[in-house]
Amino acid sequence: MLPDLPDLDDLTADAHVVALPMRVRFRGITVREALVLRGPAGWTEFSPFVEYDDAEAAAWLRATVDFGWTDHEPAADSVPVNATVPAVAPDEVAGLLARYPGCTTAKVKVAEPGTTVDDDVARVAEVRRVMGADAHVRVDANGLWSVDEATRALERLAPHGLQYAEQPCRTVPELAALRSRTAGLGVPIAADESVRKAADPLAVARAGAADVLVVKAQPLGGVIAAQAVVADAGLPCVVSSALDTSVGLGIGAFLAAAAMTPGYAAGLGTAAMFASDVAASPLLPVAGRVPVRRVEVSRDLLERNAASPERTAWWLTRLARVHALLAAA
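Just so we're clear, the structure is a prediction, and the values are computed from it rather than from any experiment.

Now for unusual backbone geometry. In this model, N142 sits at a positive phi of 55°, which is unusual for a non-glycine residue. Looking at the element boundaries, N142 is found in the loop between strand 7 (136–140) and helix 5 (147–157). Positive phi, close to 60°, is recorded for L243, a residue that is not glycine. Inspection of the secondary structure puts L243 in the loop between strand 11 (237–239) and helix 10 (246–259). Looking at L243, the relative accessible area reads 3%, which means it is buried.

So this is what it looks like as structure tokens:
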């Protein structure tokens, strides 16, 4: 059962806006802003991407409240996680993978604006070379290919042995068409944005448009709400991060322990992409896994990584607007 919406004063009583520097550009950004706050159950996070409107950000606030005001019990001590490889040159791959000790799965970004399929193939080939034949390699296009582009790209990437292709096209009908067209390639199709950004997150399952669901705790409204989506979809589920701080990764870890399909690695090792975090003991991969635990925030790191007064005001104003939306509903 979801907790009641706290008063805005309760949400902001111990709230901090941070700007975390990243080691490499990812998703077009080099600094990740987030608002972390303390609830009765512990630290929680509100970090919808800055371009998201208030209506979309409302689900993220529900997740904030769910985790900060609910005593979730961990369903496991730890969960396996994948390495994440941004759209970098092949000679940077080995160094990036070294930040994910023990990981035997890698997610590789493809279709990055300004790059080519040749670049994608070279990056994936290098990941395969470094990790070896037994590793699982996934690619993620963030919906940036058309059906024709995705077909051509997957035909070239398939020989490198893909566990799945995540959100190769933008819409559910496009995913369904691609899945039919590439059935002989042996590359399962996974849906991410078609789940977390959709008014109906189950539409992709009903349309037969994906083999795997990628779910993220914050965009789906928290651990409880996301578990319901997974149960209703009836498809294999991989839990991933939304480039969260270690606090937000903790939310994802609780969800992964409860709902993720065995045999897959969660995309929750992304603390390795930050040059600094909000916790003295961040949720970094160790032996290919991250622990399922609530993260205790470091006051020193909150101060050191504090956003500017202008950005702090922007986030607190945004929080107030989204809170008003949920209160009205």
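Read on, since the account is not over.
To continue, consider the environment of V187. Along the chain, the position of V187 falls in the loop between helix 6 (172–181) and strand 9 (189–191). When the C-alpha atoms of V187 and A225 are compared, they prove to be 29 Å apart, with 38 residues separating the residues in sequence. Excluding anything up to four places from it in sequence, V187 contacts L154, A158, L162, Y164 and A165.

At a minimum axis distance of 10 Å, the contact between helix 5 and helix 6 shows a crossing angle of 35°. Seen along the crossing, helix 5 lies across helix 6 with a hand that is right-handed. On the side of helix 5, the interface is formed by V147, D148, A150, T151 and L154, while helix 6 contributes E174, A177, L178 and R181. Residue composition of the contact of helix 5 with helix 6, grouped by class: 5 nonpolar, 1 polar and 3 charged.

A full pass over the atoms with the stated rule returns 7 aromatic pairs. Consider the rings of F67 and F254, whose centres lie 5.4 Å apart with planes at 70°: the pair is edge-to-face. With a gap of 187 residues between them, F67 in helix 2 (residues 54–68) and F254 in helix 10 connect regions that are remote in the sequence. Accessibility classification places F67 together with F254 in one group, the buried group. Pairing W314 with W315 gives two aromatic rings, centres 5.4 Å apart and planes at 80°, and the pair type is edge-to-face. Residue W315 is classed as buried on the basis of its relative accessible area, which comes to 0%. Through successive ring pairs, a cluster of aromatic residues spans F46, W314 and W315. The residue whose ring lies beneath R294 is F67, and the NZ or CZ to ring-centre distance is 3.9 Å.

The rules behind the values
- For every chain, the first residue of its written sequence is number 1, and the numbers climb from 1 along that sequence.
- Reporting in this predicted model follows two pLDDT cut-offs: at least 70 for local features of residues, and 80 or more for side-chain atom pairs to be given and counted; totals over whole chains, interfaces and linings ignore these cut-offs and use all residues.
- In computing side-chain values, all of the structure's heavy atoms are included and hydrogens and water are not.
- Segments assigned H or I by DSSP are reported as helices when at least four residues long, segments assigned E as strands when at least two residues long, and all are numbered from the N terminus.
- Burial here depends on accessible area, computed with a 1.4 Å probe over protein chains only, as a share of the maximum for the residue type. Under 20% is buried, over 50% is exposed, and the range in between is partly exposed.
- Two residues form a contact once any of their heavy atoms are found within 4.5 Å.
- Axis lines are fitted through C-alpha atoms, for helices just across the contact stretch, and the angle between N-to-C directions can take any value from 0 to 180 degrees.
- Crossings are assigned a handedness: left-handed for a near helix turned anticlockwise from the far helix by less than a right angle, right-handed for a clockwise turn.
- Three residue categories are used. Nonpolar comprises Ala, Val, Leu, Ile, Met, Phe, Trp, Tyr, Cys and Pro, charged comprises Asp, Glu, Lys and Arg, and polar comprises the others, including Gly.
- Two rings from Phe, Tyr or Trp (for Trp, the six-membered ring) form a pair when their centres sit within 6.5 Å of each other. Planes less than 30 degrees apart are called stacked, planes more than 60 degrees apart edge-to-face, and all others tilted.
- Sitting over a ring, as applied to charges here, requires NZ of Lys or CZ of Arg to be within 6 Å of the ring centre and within 35 degrees of the ring normal.

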